[in-house]
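Analysis of the macromolecular model
Listed below are the residues making up each chain.
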Amino acid sequence: MKIKMLVGLAGNEYSLSPGDERVFPQNEAIRLIDAGYALPVAEEKTERAVSEPAQERRGKRGKNVVSHESDDSGDK
């Protein structure tokens, strides 16, 4: 469980200052919260915008856009 420290706390594996956030095992986090040393941190859920894929449209557009005429300018 992620908690935010209200007071400084140091142990063998960590040294935390007021305002630091850290993940503790559930029972240890609850003990620190009940003692008034920390507050639980709500996990932020990131909302991402997802756009609908554009619908594919295929079909004839009329005239071809590629010219079939060759460039015969007669330069030799």
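This text follows the structure it describes.
Residues numbered from 1 in each chain as written. Predicted model: local features only at pLDDT ≥ 70, side-chain atom pairs only at ≥ 80, totals over all residues. Heavy atoms only, no water.

**Some remarks on the pattern of salt bridges**
Put simply, the rule is: Throughout this description, the term salt bridge denotes a Lys or Arg side-chain nitrogen within 4 Å of a carboxyl oxygen of Asp or Glu. Numbering of helices and strands runs from the N terminus, with a helix taken as a DSSP run of H or I at least four residues long and a strand as a DSSP run of E at least two residues long. Here the term buried applies to any residue with accessible area under 20% of the maximum for its type, exposed to any over 50%, and partly exposed to those in between, with areas from a 1.4 Å probe on protein chains only.
For the coordinates displayed, the defined rule picks out two salt bridges. With a closest N to O distance of 3.5 Å, K2 and E21 form a salt bridge. Residue K2 is found in strand β1 (residues 2-5), and its partner E21 is found in strand β4 (residues 21-23); the two are separated by 19 residues along the sequence. Here K2 falls in the partly exposed class, since its relative accessible area comes to 34%. On the accessibility criterion, E21 (41% relative accessible area) is partly exposed. As a salt-bridge pair, E28 and R31 come within 2.7 Å of each other at their nearest N and O atoms. With E28 and R31 both in helix α1 (residues 26-34), this residue pair falls three residues apart, about one helical turn.

**Looking at a nonpolar patch on the surface**
What counts, and what does not: Nonpolar side chains (Val, Leu, Ile, Met, Phe, Trp, Tyr) are joined into patches within 5 Å and like charges within 9 Å, using only residues with over 30% relative accessible area and no salt bridge. Computed with a 1.4 Å probe, the accessible areas rest on the Shrake-Rupley method; for each residue, only the protein chains presented here act as cover.
Side chains of L6, V7, Y37 and L39 sit close together on the surface and give an oily, nonpolar patch of about 320 Å² of accessible area. Overall, L39 belongs to the partly exposed group, its relative accessible area being 43%.

**A look at the sheet that holds strand β5 (residues 38-40)**
Convention followed: Only strands joined by at least two bridges in the DSSP assignment are considered to pair. Angles here are taken between N-to-C directions and fall from 0 to 180 degrees, while the axes themselves are lines fitted to C-alpha atoms, restricted in helices to the stretch in contact. In this analysis, two residues are considered to be in contact whenever any of their non-hydrogen atoms come within 4.5 Å of each other.
Taken in spatial order, the three strands line up as β4-β1-β5 in an open sheet, and their pairing is antiparallel. Of all the strands in the sheet, just β4 and β5 have a single pairing partner and so form its edges. Mean inter-strand twist for the sheet, computed between neighbouring axes without regard to direction, equals 35°. Sheet analysis places β1 next to β4, joined by three bridges and oriented antiparallel. Among the inter-strand pairings, K2 is bridged to a residue of β4, identified as V23. The strands touched by α1 within the sheet are β1 and β5, with β5 carrying the most contacts at an inclination of about 120°.

**Comments concerning the nonpolar core**
Convention followed: For the purposes of this section, nonpolar cores are sets of buried Ala, Val, Leu, Ile, Met, Phe, Trp, Tyr and Cys residues that join through side-chain atoms within 4.5 Å.
Formed by I3, M5, L16, F24, A29, L32 and A38, the largest nonpolar core amounts to seven residues. When residues of this core are traced back to their parent elements, those giving at least two are β1 and α1. Apart from the residues lying within four places of it in its own chain, the contact partners of M5 are L16, S17, P18, G19, D20, Y37 and A38.

**Here we look at the packing of aromatic side chains**
Quick reminder of the rule: For this analysis, a ring pair means two rings from Phe, Tyr or Trp (six-membered ring only for Trp) whose centres lie within 6.5 Å, classed as stacked if their planes differ by under 30 degrees, edge-to-face if by over 60, and tilted for the remaining angles. Our definition puts a charge over a ring when NZ of Lys or CZ of Arg is within 6 Å of the ring centre and also within 35 degrees of the ring normal.
Summed over all chains, the structure comprises one aromatic pair. With centroids separated by 5.3 Å and ring planes inclined at 85°, the aromatic side chains of Y14 and F24 adopt a geometry described as edge-to-face. Taken together, the residues Y14 in the loop between β2 (9-10) and β3 (15-16) and F24 in the loop between β4 and α1 connect sequence positions 10 residues apart. Above the ring of F24, the side-chain terminus of R22 is found at 4.8 Å from the ring centroid.

Geometric descriptors of this kind do not, in isolation, establish any biological role.
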